[in-house]
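For reference, the chains in residue letters:
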Amino acid sequence: MNDNNAFSYLSDDILTKLTALNITKPSNVQKEVMPIIDKGQNLIFQSETGTGKTYAYLLPLINKLQKDADKQKLRILVIAPTFELASQINSAAKAITDRKTALIIGGAPIKRQLELLKEKPQIITGTTARIIELIRLKKIKINDLWACIFDECDRMIKKEAYDDTFELKSLLSPATQIIALSATISPQVKKFFNGIESVIMPEEDILQKNISHWAIFAERRDKIETLRKFINAEKCSKALVFTSRADQVENIYSKLSYKKVPCIALHAKAKKQDRKAAIDKFRCGKINVLVTSDLCARGLDIPNISHVIQMDLPSDEDFFIHRSGRTGRAGKTGINCVIGDEFEMRQYAALEKKLGLKVFPKEIYDGKVVAPQIFDAED
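Residues numbered from 1 in each chain as written. Predicted model: local features only at pLDDT ≥ 70, side-chain atom pairs only at ≥ 80, totals over all residues. Heavy atoms only, no water.

Engineer: Explain the pairing of strand 6 (residues 177–182) to me, please; I cannot follow it from the model alone.
Structural biologist: Side chains on a regular strand alternate between the two faces of the sheet. Of all the six residues making up strand 6, six are buried; the element is thus mostly covered by neighbouring parts of the structure. Of the strand pairs in this sheet, strand 1 (residues 43–46) and strand 6 are connected by four bridges, and their pairing is parallel. Bridging across to strand 6, Gln-46 finds its partner in Ser-182. (Buried < 20%, exposed > 50% of the residue type's maximum accessible area, 1.4 Å probe, protein only. Helix = DSSP H or I, 4+ residues; strand = E, 2+ residues; numbered from the N terminus. Pairing = 2+ DSSP bridges.)

Engineer: How do you make sense of the pattern of salt bridges when you look at a structure like this?
Structural biologist: A side chain of one charge can pair with a side chain of the opposite charge when the charged atoms of the two come close. Across all of its chains, the model carries 17 salt bridges by this definition. Taking the shortest distance from any N to any O, the salt bridge between Glu-317 and Lys-354 comes out at 2.6 Å. Of this pair, Glu-317 sits in helix 15 (residues 317–324) while Lys-354 sits in helix 16 (residues 342–355); the two residues are 37 residues apart in sequence, bridging distant segments of the chain. Since its relative accessible area comes to 24%, Glu-317 is described here as partly exposed. Residue Lys-354 is classed as exposed on the basis of its relative accessible area, which comes to 60%. Between Arg-346 and Glu-342 there is a salt bridge whose closest N-O contact spans 3.4 Å. Here Arg-346 pairs with Glu-342, and both are found in helix 16, just four residues apart, close to one helical turn. The exposure classification of Arg-346 matches that of Glu-342, with both residues exposed. (Salt bridge = Lys/Arg side-chain N within 4 Å of Asp/Glu carboxyl O.)

Engineer: Sorry, what's going on with the packing of helix 6 (residues 128–136) against helix 8 (residues 159–171) here?
Structural biologist: For any two helices packed against each other, the geometry is given by the interaxial angle and the distance between the axes. Two elements in contact, helix 6 and helix 8, have axes whose closest approach is 9 Å; the angle formed by their N-to-C orientations is 40 degrees. When the axes of helix 6 and helix 8 are compared, the pair comes out oblique. The way helix 6 lies across helix 8 gives a crossing that is left-handed. Note on element contacts: helix 8 touches helix 6 through Asp-164, Thr-165, Glu-167, Leu-168 and Leu-171, opposite Thr-128, Ala-129, Ile-131, Ile-132, Ile-135 and Arg-136. Here the contact of helix 6 with helix 8 is built from residues that sort into six nonpolar, two polar and three charged. (Axes fitted to C-alpha atoms, helices over the stretch in contact; angles between N-to-C directions. Parallel < 35°, antiparallel > 145°, perpendicular 65-115°, else oblique. Left-handed = near helix turned anticlockwise from the far one by under 90°. Contact = heavy atoms within 4.5 Å. Nonpolar A, V, L, I, M, F, W, Y, C, P; charged D, E, K, R; others polar.)

Engineer: How should I be thinking about the state of the cysteines in this particular structure?
Structural biologist: Put plainly, two cysteines are in a disulfide when a covalent bond ties their sulfur atoms together. This model, assessed by the stated rule, comprises zero disulfides. Cys-153 provides the cysteine sulfur closest to Cys-148, a residue in no disulfide bond, and the two sulfurs are 12 Å apart. With a relative accessible area of 0%, Cys-148 lands in the buried category. (Disulfide = S-S within 2.5 Å.)

Engineer: Explain the side chain of Arg-275 to me, please; I cannot follow it from the model alone.
Structural biologist: With respect to the helices, strands and loops of the structure, Arg-275 is situated in helix 13 (residues 272–284). Judged by its relative accessible area of 8%, Arg-275 falls in the buried class.

Engineer: Would you explain the nonpolar core in this entry?
Structural biologist: Soluble, globular proteins show a tendency: their nonpolar side chains are buried together. Formed by 41 residues in total, the largest nonpolar core has its most connected members in Phe-45, Tyr-57, Leu-58, Leu-59 and Ile-149. Those elements giving two or more residues to this core turn out to be helix 1 (12–20), helix 2 (28–38), strand 1, helix 3 (53–65), strand 2 (76–79), helix 4 (83–94), strand 5 (147–151) and strand 6. Among the elements that line this core, the one with the most residues is helix 3, at eight residues. Setting aside its immediate chain neighbours within four residues, Leu-59 contacts Phe-7, Leu-10, Ile-14, Leu-18, Met-34 and Ile-96. Counting 30 residues, the second largest nonpolar core, distinct from the first, contains Leu-116, Leu-117, Leu-168 and Phe-193. (Core = buried A, V, L, I, M, F, W, Y, C linked by side-chain atoms within 4.5 Å.)

Engineer: Help me understand the environment of Ala-129 in this model?
Structural biologist: Along the chain, Ala-129 turns up in helix 6. With 36 residues separating them in the primary sequence, Ala-129 and Thr-165 have C-alpha atoms 8.4 Å apart.

Written out as structure tokens, the structure reads:
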């Protein structure tokens with residue numbers, strides 16, 4: 001393999017499909033980890049949001065799969081913490097291979113999934129509990145599995161998901177290649193995947209270089225109206241609005257809709273098909289404002305998001321990083337704006353210092369987002 005181009009050994013078919021996706025050069029993380037994965041080594045890797053982690057593991061594995069004469073056996077299993085991320089990974093795989101894939105997620109009709117499994121997919125992407133259920137029922141056979149990938153692995157060893165993740169990992173054959181990845185790899189992740197080599201990519205300063213960070217003060221009661229004014233002032237081409245509280249998703253959506261701001265809500269209680277429809281409308285530009293929570297949007301990769309608007313600050317700084325990183329992806333620039341009260345502004349100032357950001361205070365004046373107006377005391 002040419003170390004200077006991690007794509008040089010890929011099949012012509014894959015290269016053609018990548019070109020159609022406007023992907024012609026490997027990202028830094030792809031250069032670093034693709035040779036390791038290609039050798040079949042177990043690996044944990046960390047890289048910032050928007051750096052191309054999904055294709056970093058899919059490309060070498062699917063390139064190997066293209067040479068597999070047996071088209072009936074499951075070879076690649078990708079585990080994701082949410083339906084949205086699993087669906088996104090499945091779409092990414094389908095974009096670069098004609099081998100059969102299947103999306104197997106909890107909450108969806110199991111009968112339809114059993115029909116999909118009869119087609120002998122070689123790549124399955126899904127959520128942990130449903131995958132385990134179908135393994136127990138002997139509907140998913142992992143005896144011939146080449147690789148199991150734990151995407152957004154930090155989320156998958158949280159308390160609520162730990163037992164399922166542990167069980168699945170324990171079911172894997174010692175011969176199965178284990179790959180785990182996230183934008184943030186904690187000591188707990190390294191302990192869970194004990195003995196596996198880790199690659200921590202140098203920071204590319206995407207949060208600092210590609211994203212402008214703004215702060216707009218608003219009392220809690222005024223936040224949604226401030227959000228409305230911000231959206232109108234900025235004429236956001238594609239804005240992702242975050243709130244930590246799931247119940248606030250519907251509240252923000254309802255009040256924006258009442259004020260005639262076209263938007264859509266994405267929350268965990270919605271049916272899978274409704275969540276998919278919301279993402280599809282946002283992705284294709286039919287709706288340019290999506291209101292969501294951290295749990296729904298984790299790992300969401302939608303191109304050309306111009307604005308991330310945070311209606312509060314999460315208690316976990318990793319969530320702030322994941323939120324902000326939804327914009328400024330693939331070399332583009334974006335705006336991350338926090339609309340916060342006095343307490344949240346103090347939190348933001350602490351994050352600014354800790355993460356090495358430069359935050360610009362803003363206000364909405366005369367229908368525009370501007371630097372705060374400073375008046376002379378004598379005026």
